[in-house]
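Residues per chain, in single letters:
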Amino acid sequence: MTIYIKELKQSFKSLCIWTASIAFMMLVCVLLFPEMKSEMDSVSSIFANMGGFTAAFGMDKLSFGQLMGFYGIECGNVLGIGGGFFAALAGISVLANEEKERTAEFLLTHPISRVSIIAQKLLSVLTQVVVLNIVVVAVSLISAAVIDESFEMKEFILLHVAYLIMQLEISCICFGISAFIRRGSIGIGLGLALAFYFMNLVCNMTEQAEFLRYITPYAYAEASNIISEARLDTALIVIGIIIAVIGAAVGFVKYTKKDIVS
């Protein structure tokens, strides 16, 4: 597990910065809830009549005046976008970095198979995503306790499970893409995560784009649906897991056969 540990050490600073930033923004959102709670009912009625904008963010299904509704919309967007970006960046660079930093030749001369190298690198990416989510959940629960509020635990757990699976899917897709890139590209990872996010907004706004729900992982991590229905969309999650496995498998196949440039 030497490479796994090495990857975690190299990514530790980035993980800390992203985790601290996302956790801090979610902390602020939750701590602001008591000050805004009395005004949230009127805000909810205003947002409920904003047509496509309301549907895009699911604000027609949740109440801003309740902690879970407020958390799902405000904090959900923070974790959805921030977590998605982090997962994409972690996945898109993990294989390409060896060629970018010209360390591939040194690494591949060691008595260890490429399959093992790839597996340890993928495991390091998935570990980082899991750690980020664990910290975020802990901070959210502590924040709610500080303001003397409590989440509806079933919906809270389901929401974070969905976000974790969504981020893991994005990281696996970007991991697969990373095997085809020689010098790394942050833009590809961020662009893909952003494209998935906007796909979800579009399919929320119009039924003609309903097919996008089967493409973007944000569809099964839609806070408004999870909280209002208290369940996950199992079919979409299964599709997401299949896509994640395919993405990881493509990365394995490509990188094992790739002509590495030192």
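Residues numbered from 1 in each chain as written. Predicted model: local features only at pLDDT ≥ 70, side-chain atom pairs only at ≥ 80, totals over all residues. Heavy atoms only, no water.

Q: Can you tell me about the overall build of the protein, naming the residues and giving the values?
A: What the protein contains, in helices and strands, is ten helices and zero strands. Counting from the amino terminus, helix and strand elements in the protein follow one another as α-α-α-α-α-α-α-α-α-α. Here the protein, with 262 residues, has 47% of them falling under the buried criterion. Looking at the protein as shown, the accessible area adds up to about 12300 Å², and 67% of this sits on carbon and sulfur atoms. (Helix = DSSP H or I, 4+ residues; strand = E, 2+ residues; numbered from the N terminus. Buried < 20%, exposed > 50% of the residue type's maximum accessible area, 1.4 Å probe, protein only. Areas by Shrake-Rupley, 256 points an atom, 1.4 Å probe, with all protein chains shown as cover.)

Q: Outline the packing of aromatic side chains, listing residues and values.
A: Counting across every chain of the model gives eight aromatic pairs. Ring geometry for Tyr71 and Phe151: centres 4.7 Å apart, planes at 65 degrees, overall edge-to-face. Taken together, the residues Tyr71 in helix 3 (residues 67-93) and Phe151 in the loop between helix 6 (114-146) and helix 7 (153-178) connect sequence positions 80 residues apart. Overall, the relative accessible area of 1% leaves Tyr71 in the buried class. Classification of Phe151 as buried rests on a relative accessible area of 8%. Aromatic pair Tyr197 and Tyr218: ring centres 5.5 Å apart, planes at 80 degrees, arrangement edge-to-face. (Phe/Tyr/Trp six-rings, centres within 6.5 Å; stacked < 30°, edge-to-face > 60°.)

Q: Lay out the pattern of salt bridges with the relevant residues and their values.
A: Side-chain pairing between opposite charges can occur once the charged atoms of the two side chains come close. Across all of its chains, the model carries five salt bridges by this definition. For Glu7, the salt bridge is made with Lys121, and the minimal N-O distance between the two is 2.5 Å. With a gap of 114 residues between them, Glu7 in helix 1 (residues 2-47) and Lys121 in helix 6 connect regions that are remote in the sequence. When sorted by exposure, Glu7 lands in the same class as Lys121, which is buried. The residue Glu210 makes a salt bridge to Arg213 at a minimum N-O spacing of 3.1 Å. Judged by its relative accessible area of 34%, Glu210 falls in the partly exposed class. (Salt bridge = Lys/Arg side-chain N within 4 Å of Asp/Glu carboxyl O.)

Q: Residues and numbers for the environment of Tyr214, please.
A: In this fold, Tyr214 is placed in the loop between helix 8 (186-205) and helix 9 (223-229). On a C-alpha basis, the gap between Tyr214 and Asn200 in space is 9.9 Å, while along the polypeptide they are 14 residues apart. Setting aside residues no more than four positions away along its own chain, Tyr214 makes contact with Leu236, Ile239 and Ile243. (Contact = heavy atoms within 4.5 Å.)

Q: Help me get a handle on the nonpolar core, residues and values and all.
A: Membership of the largest hydrophobic core comes to 52 residues, with the highest contact counts inside it found for Met26, Tyr71, Leu159 and Ile170. Per element, the largest residue contribution to this core is 13 residues, and it comes from helix 3. Ignoring anything within four residues of it in the chain, the contact list for Leu159 reads Met68, Tyr71, Gly72, Ala223, Ile226 and Ile227. Formed by twelve residues, the second largest nonpolar core is a distinct cluster that contains Val94, Leu122, Val125 and Phe175. (Core = buried A, V, L, I, M, F, W, Y, C linked by side-chain atoms within 4.5 Å.)

Q: An account of the packing of helix 6 against helix 7 is needed here, citing residue identities and associated values.
A: It is the contact of helix 6 with helix 7, at a shortest axis distance of 10 Å, that shows an interaxial angle of 155 degrees. The angle between the axes of helix 6 and helix 7 places the two elements in the roughly antiparallel class. Considering how the two elements wind past one another, helix 6 and helix 7 form a crossing that is right-handed. Where helix 6 approaches helix 7, its residues Ile118, Leu122, Val125, Leu126, Val129, Val130, Leu132, Asn133, Val136, Val137, Ser140 and Leu141 are matched on the opposing element by Met153, Phe156, His160, Tyr163, Leu164, Gln167, Leu168, Ser171, Cys172 and Phe175. The residue makeup of the contact of helix 6 with helix 7, split by class, is 17 nonpolar, five polar and no charged. (Axes fitted to C-alpha atoms, helices over the stretch in contact; angles between N-to-C directions. Parallel < 35°, antiparallel > 145°, perpendicular 65-115°, else oblique. Left-handed = near helix turned anticlockwise from the far one by under 90°. Nonpolar A, V, L, I, M, F, W, Y, C, P; charged D, E, K, R; others polar.)

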